[in-house]
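Read off the chains here:
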Amino acid sequence: MLYQSLREISFTSTKIWICSLVFFTSTSRTPPKTNSWGFFGHKKINELAIYTLPSEMIGFYKRNRDFLIENSVLPDKRRYIIKTEGPKHFIDLDHYENDTTDLKNWVPIYWSKAKEKYSQDTLMEYGILPWNIQWMIRKLEKAFLNKDIKLILKYSSELGHYVSDAHVPLHTTENYNGQLTNQNGIHGLWESRLVELQFENYEFFVGKAIYHEDPLRSIWKVIYESHQYLPQVFELEMLATDSIGNENKFSIERRGEAIQKNYSSQFSNVYHDLMDDMVQKRMRKSVLLVGSLWFTAWVNGGQPNLDSLIVDKILMNRETKDSIRAYQNEILKLNRSHEH
Ligand SMILES: [Zn+2]
């Protein structure tokens, strides 16, 4: 029953909350509500991916930099108004774990085969991240074929989001926030707090975007890698806690008017060091794969001349406005609940 109730919690509303509000993670009894890689991380990854692109693409992407950055976080906001958005951001690989140690045998890589084996309902419950990325690539290819500038930008920015999610180990497990191992809050710690504290020390010379013959296989490879990092993610958090002591693990910070409890920078830095650049490595890989999949979609979409596409000001559509409003309301609600 405990297992069941956790699944219900994660499926109904919390899973995709795992992201920006790391500051609330340690104080709330319910799982945290944050955004993968944090909004900061997602924006940086999309921005940096622009610089991996070939000369035929980079000018267009640079001119639309602001849009690509801002909209990199829209999928996380959209889940407040679209119920089916949630499972697109994760896949709980360990749900399918069986007696084989070969990850590749856990879930068929193709959607049709996986659906046949487990049913669509099961896949929706435990996440559809790899297939969603494949569908996003196809949409982007079509947008290039049609030279539809608004859709090229929309799908580029959102593809960047999902590809980045696939690089986060905690997006591949049922224990996505350490709730099964008494490590509540680890999700926001790993992908938001550490990135914000360490970003200035990272370097992002990741090379040029490369064409992917079989994007779905590339995505699965990333997801397997992410999953294999999980033992370290959990064990080293415990080790960091032991070495720093529970009393030094958290600190109180002022953010505007609010006083918030957060992981202390001392603890965060020890944890980060113990992981030996894991966060930086995953972020660098995200940047390169985002650029590479933009490039792949452009090639498959007929390599249109992007410099001939004139960019008018792109107005926010209804869905975007509603998503942002719903997200802001949730933040207000969270803030109020923490004032009591
Ligand atoms: Zn996400």
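Quick caveat: nothing in here was measured; it's all calculated off a predicted structure. All chains use their own residue numbering, which begins from 1 and follows the written sequence. Reporting of local features is limited, given that this is a predicted model, to residues whose pLDDT is at least 70; pairs of side-chain atoms are given and counted only at 80 or more, and all residues count toward the totals for whole chains, interfaces and linings.

**Some details on the overall build of the protein**
Under the scheme used here, helices are H or I runs from DSSP no shorter than 4 residues and strands are E runs no shorter than 2 residues, and both carry numbers assigned from the N terminus. From N to C terminus, the protein includes 15 helices and 2 strands. Within the protein, the proportion of its 340 residues that are buried is 44%. We call two residues in contact when their backbone-placed C-beta atoms lie within 7 Å. Of the contacts made within the protein by residues no fewer than 6 positions apart, 75% connect residues no fewer than 24 positions apart. In this scheme every C-beta is placed from the backbone, and a residue whose C-beta has 20 or more other C-beta atoms within 10 Å is buried, one with 12 or fewer is exposed, and one in between is partly exposed.

**Comments concerning helix α2 (residues 38-49)**
Expected helix span is taken as 1.5 Å per residue step, with the number of steps being one fewer than the number of residues. Between its terminal C-alpha atoms α2 stretches 17 Å, which fits the 16 Å expected from 12 residues at 1.5 Å a residue. Burial within α2 is extensive, with 10 of its 12 residues counted as buried. When α2 is considered as a whole, its buried residues turn out to be Gly38, Phe39, Gly41, His42, Lys43, Lys44, Ile45, Asn46, Leu48 and Ala49. Of the surrounding elements, those touching the buried residues of α2 are α4 (65-70), α9 (149-166), α10 (186-198) and α14 (278-300).

**Here's the deal with the nonpolar core**
A set of buried Ala, Val, Leu, Ile, Met, Phe, Trp, Tyr and Cys residues, joined through C-beta atoms within 7 Å, is what we mean by a nonpolar core. Counting 64 residues, the largest nonpolar core has Ile133, Leu140, Leu159 and Trp294 as its most contacted members. With 11 residues, α14 is the largest single contributor of residues to this core.

**Let's talk about unusual backbone geometry**
Positive phi, normally seen in glycine, also occurs at Asp276, with a value near 55 degrees. Its location among the elements puts Asp276 in the loop between α13 (265-274) and α14. On the neighbour-count criterion, Asp276 (11 C-beta atoms within 10 Å) is exposed. The residue Asp277 is not glycine, and still its phi comes out positive at about 70 degrees.

**Brief notes about the pairing of strand β2 (residues 258-263)**
Successive residues of a regular strand alternate their side chains across the two faces of the sheet. What makes two strands pair is DSSP finding at least two bridges between them. Bridging between strand β1 (residues 250-255) and β2 involves 6 bridges; their strand directions are antiparallel. From the neighbouring strand, Ser251 faces β2, where its bridge partner is Asn262. The antiparallel hairpin formed by β1 and β2 contains 2 residues in its connecting segment, where Gly256 sits at a positive phi of about 65 degrees.

**Quick look at the packing of α2 against α14**
Note on geometry: axes are C-alpha line fits, over the in-contact stretch for helices, and angles between N-to-C directions span 0 to 180 degrees. Interhelical geometry of α2 versus α14 gives an angle of 50 degrees and a closest axis separation of 8 Å. Here α2 is positioned oblique relative to α14, judged by the angle of their axes. In this structure, the crossing between α2 and α14 has a hand that is right-handed. Every residue of α14 that contacts α2 at Gly41, Ile45, Asn46, Leu48 and Ala49 is listed here: Met283, Ser286, Val287, Val290, Gly291 and Trp294. Considered class by class, the residues forming the contact of α2 with α14 number 7 nonpolar, 4 polar and no charged. Angular relationships are summarised with four words: roughly parallel below 35 degrees, roughly antiparallel beyond 145, roughly perpendicular across 65 to 115, and oblique for the angles in between. Working rule for handedness: look at the near helix, and if it is turned counterclockwise from the far one by less than a right angle, call the crossing left-handed; if clockwise, right-handed. Residues are sorted three ways: Asp, Glu, Lys and Arg are charged, Ala, Val, Leu, Ile, Met, Phe, Trp, Tyr, Cys and Pro are nonpolar, and all the rest, Gly among them, are polar.

**So, the environment of Arg63**
Mapped onto the elements of the fold, Arg63 is located in helix α3 (residues 55-63). Given 14 C-beta atoms within 10 Å, Arg63 falls into the partly exposed group. C-alpha separation for the pair Arg63 and Val311, spaced 248 residues apart in sequence, amounts to 8.6 Å.

**Here we look at the packing of helix α8 (residues 129-145) against helix α11 (residues 215-228)**
It is at 9 Å that the axes of α8 and α11 come closest, and there the two elements cross at 145 degrees. Read as a crossing pair, α8 and α11 show a hand that is right-handed. Counting all contacts with α8, which are made through Leu129, Pro130, Ile133, Gln134 and Ile137, the residues of α11 involved are Pro215, Leu216, Ile219, Trp220 and Ile223. Partitioned by chemical class, the residues of the contact of α8 with α11 number 9 nonpolar, 1 polar and no charged.

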